[in-house]
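The lines below spell out each chain.
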Amino acid sequence: MDETRSARVTRADVREALMWALERDRAALLAHRAAVHSSKSDLTRRRADKALVEQWRARRTDGGKDGSARE
């Protein structure tokens, strides 16, 4: 089921991934920020959002929708 869900990145997913990165993965947060702020393109932002959400999903250990699981 995660494979079908990963095809689409929602605003809620991006928000959760950003909160996760803020708390647990500063490097991922800074990489996202650098990508988004280096270009004014919406495509660049969507790609950076998707990459961050994919990292967040891959590193969650609880398998649910809650991103609060410890690593």
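Residues numbered from 1 in each chain as written. Predicted model: local features only at pLDDT ≥ 70, side-chain atom pairs only at ≥ 80, totals over all residues. Heavy atoms only, no water.

### Looking at the packing of helix 2 (residues 11-24) against helix 3 (residues 26-37)
Close contact between helix 2 and helix 3 brings their axes to 6 Å; oriented N to C, the two are set at 130°. Accordingly, the angle class assigned to the pair helix 2 and helix 3 is oblique. Residues Leu18, Trp20, Ala21, Leu22 and Arg24 of helix 2 pack against Arg26, Ala28, Leu29 and His32 of helix 3. The class makeup of the residues in the contact of helix 2 with helix 3 is six nonpolar, one polar and two charged. (Axes fitted to C-alpha atoms, helices over the stretch in contact; angles between N-to-C directions. Helix = DSSP H or I, 4+ residues; strand = E, 2+ residues; numbered from the N terminus. Parallel < 35°, antiparallel > 145°, perpendicular 65-115°, else oblique. Contact = heavy atoms within 4.5 Å. Nonpolar A, V, L, I, M, F, W, Y, C, P; charged D, E, K, R; others polar.)

### With respect to the nonpolar core
Residues Val14, Ala17, Trp20, Ala21, Ala28, Leu52, Val53 and Trp56 constitute the largest nonpolar core, which totals eight residues. Elements with a minimum of two residues in this core: helix 2 and helix 4 (42-59). When near neighbours in sequence (up to four residues on either side) are disregarded, valine 53 contacts Val9, Asp13, Val14 and Ala17. (Core = buried A, V, L, I, M, F, W, Y, C linked by side-chain atoms within 4.5 Å. Buried < 20%, exposed > 50% of the residue type's maximum accessible area, 1.4 Å probe, protein only.)

### A closer look at the confidence of the model for the chain
The pLDDT averaged across the chain works out to 83; a share of 75% of its residues lies at or above 70. Per-residue pLDDT, averaged within each element of the chain, yields its smallest value for helix 1 (residues 2-5) (50) and its largest for helix 2 (96). Long-range and interchain partners of residues 66-71, a stretch whose pLDDT sits below 50, account for 15 contacts in this model, where long-range means more than four residues apart. (pLDDT = per-residue confidence, 0-100.)

### Let's talk about the packing of aromatic side chains
Under the definition given, this model contains zero aromatic pairs. Over the face of the ring belonging to tryptophan 56 we find arginine 60, whose NZ or CZ atom lies 4.4 Å from the ring centre. (Phe/Tyr/Trp six-rings, centres within 6.5 Å; stacked < 30°, edge-to-face > 60°. Lys NZ or Arg CZ within 6 Å of the ring centre and 35° of its normal.)

### What to know about helix 2
In this model, helix 2 (14 residues) spans 20 Å end to end at C-alpha, consistent with the 20 Å of a helix rising 1.5 Å per residue. Turning to helix 2, its buried residues are Asp13, Val14, Ala17, Trp20 and Ala21. Buried residues along helix 2 cover an arc of 125° about the axis, so they all sit on one side. For helix 2, the exposed residues set more than 90 degrees away from the buried face come down to Arg11, Arg15, Leu22 and Glu23. (Expected span 1.5 Å × (residues − 1). Arc of directions from axis to C-beta.)

### Concerning the environment of valine 36
Within the secondary structure, valine 36 sits in helix 3. Its relative accessible area of 10% is what places valine 36 among the buried residues. In this structure the C-alpha to C-alpha distance between valine 36 and arginine 47, which are 11 residues apart in sequence, comes to 9.0 Å. In this structure, valine 36 is in contact with Arg45 and Ala48, ignoring residues within four places of it in sequence.

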